[in-house]
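# Structure at a glance
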Amino acid sequence: MSNESSTQVENLEHHDCWALLRTVSVGRLAVLADGRPDIFPVNYTVDGGTLVFRTGQGTKLSAATGEDAAVAVEADGVDPATGLAWSVVIKGTAALVTSTEEVLDTSRLYLFPWQAGRKDAFVRVTPDSMTGRRFKVTDPMTWWTQISSSARSAPE
């Protein structure tokens, strides 16, 4: 593969983004909490044109479902056989699932949190925008330099 083609980034169509989101179950939820950005790992499932995750009471739930709260969810992966990586970012709004019918529908999604504890709240993220990209993972020898592994003189 030529150097030019190895640095090329492929912008993904929406249907490709949704297909890739279905191949993994963990992403990162970005929210504003008390005026500062915060990020949380969430395991999710795709439900139609939305993402659904479960959580308990706390910062993540209140920040994600607060009035006029905007959220972003990012998920990614890499195919070790081809060296192709991908990343999808959804930006939109999150809402607590409250109606009995919707709660019953979401409980059928087989969405089980990885972390123990009460996770009674189902949250649905509805995207306003979605972007995705795929690219070849660069061989570490093309960017590694001797200085990148040298000892630091002061703690970071």
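Everything that follows concerns the structure shown earlier in this document.
Residues numbered from 1 in each chain as written. Predicted model: local features only at pLDDT ≥ 70, side-chain atom pairs only at ≥ 80, totals over all residues. Heavy atoms only, no water.

## Regarding the overall build of the protein
This is how it is decided: The helix count covers DSSP runs of H or I at least four residues long, the strand count covers runs of E at least two residues long, and both are numbered beginning at the N terminus. Only heavy atoms enter the contact rule, under which two residues are in contact if any of them lie within 4.5 Å. The Shrake-Rupley method, run with a 1.4 Å probe sphere, supplies the accessible areas, and residue values consider only the shown protein chains as cover.
Scanning the protein from N- to C-terminus turns up 4 helices and 7 strands. Going from N to C terminus, the protein has its helices and strands arranged as α-β-α-β-β-β-α-β-β-α-β. Pairs at least 24 apart in sequence give 69% of the contacts found in the protein among residues at least 6 apart. Put simply, the protein shows about 10,300 Å² of open surface, and 54% of that area lies on carbon and sulfur atoms.

## Some details on unusual backbone geometry
Apart from glycine, the bulk of residues carry a negative phi angle, and the bulk of peptide bonds sit in the trans form. Not every positive phi belongs to a glycine, and aspartate 34 is a case in point at roughly 55 degrees. With respect to the helices and strands, aspartate 34 occurs in the loop between β2 (26-33) and β3 (36-47).

## A few points about the pattern of salt bridges
Using the following cut-off: Whenever Lys or Arg places a side-chain nitrogen within 4 Å of a carboxyl oxygen from Asp or Glu, that contact is recorded as a salt bridge. The buried label applies to any residue whose accessible area, calculated with a 1.4 Å probe on protein chains only, is under 20% of its type's maximum; exposed applies above 50%, and partly exposed to all values in between.
A full pass over the atoms with the stated rule returns 4 salt bridges. With a closest N to O distance of 2.8 Å, aspartate 76 and arginine 28 form a salt bridge. With aspartate 76 in strand β5 (residues 70-79) and arginine 28 in strand β2, this pair connects stretches of sequence that are 48 residues apart. Between aspartate 47 and arginine 124 there is a salt bridge whose closest N-O contact spans 2.9 Å. Taken as a pair, aspartate 47 in strand β3 and arginine 124 in strand β7 (residues 121-136) lie far apart in primary sequence, 77 residues in all. Given a relative accessible area of 24%, aspartate 47 falls into the partly exposed group. One salt-bridge network, in which partners are shared between bridges, spans Arg28, Glu74 and Asp76.

## Overview of the nonpolar core
Put simply, the rule reads: As used in this record, nonpolar core signifies buried Ala, Val, Leu, Ile, Met, Phe, Trp, Tyr and Cys residues forming a set joined through side-chain atoms within 4.5 Å.
By size, the foremost hydrophobic cluster in this structure holds 28 residues, and its most contacted members are Leu21, Leu29, Leu51 and Val125. When contributions to this core are tallied by element, the ones reaching two or more residues are α2 (14-21), β2, β3, β4 (50-55), α3 (59-65), β5, β6 (84-96) and β7.

## Here's the deal with the environment of valine 9
You can see valine 9 is positioned in strand β1 (residues 9-11). Residues valine 9 and glycine 132, spaced 123 residues apart in sequence, show a C-alpha to C-alpha distance of 9.9 Å. The residues contacting valine 9, other than those within four sequence positions of it, are Arg133, Arg134 and Phe135.

## Here's the deal with the side chain of lysine 60
Our working rule: Within this scheme the basic residues Lys and Arg register as positive and the acidic residues Asp and Glu register as negative, but His and the chain ends are omitted.
Here lysine 60 lies in helix α3. The buried charged residue lysine 60 lacks any salt bridge partner; its closest oppositely charged side chain belongs to aspartate 38, at an N-O distance of 10 Å. When residues no more than four places from it in sequence are discounted, the contact partners of lysine 60 are Leu29, Phe40, Pro41, Val42, Phe53 and Thr55.

## Topic: the pairing of β5
Note the threshold: A pair of strands is considered paired only if DSSP assigns at least 2 bridges between the two.
By the bridge criterion, 3 bridges tie β2 to β5 in an arrangement that is antiparallel. Considered in β5, the bridge of arginine 28 is made with glutamate 74. Relative to β6, β5 is paired through 10 bridges, and the arrangement is antiparallel. Residue pairing in the sheet places alanine 72 in a bridge with lysine 91 of β6. The loop that links β5 with its antiparallel partner β6 comprises 4 residues; one of these, glycine 83, has a positive phi angle of about 75 degrees.

Everything listed is a geometric property; what it means functionally is a separate question.
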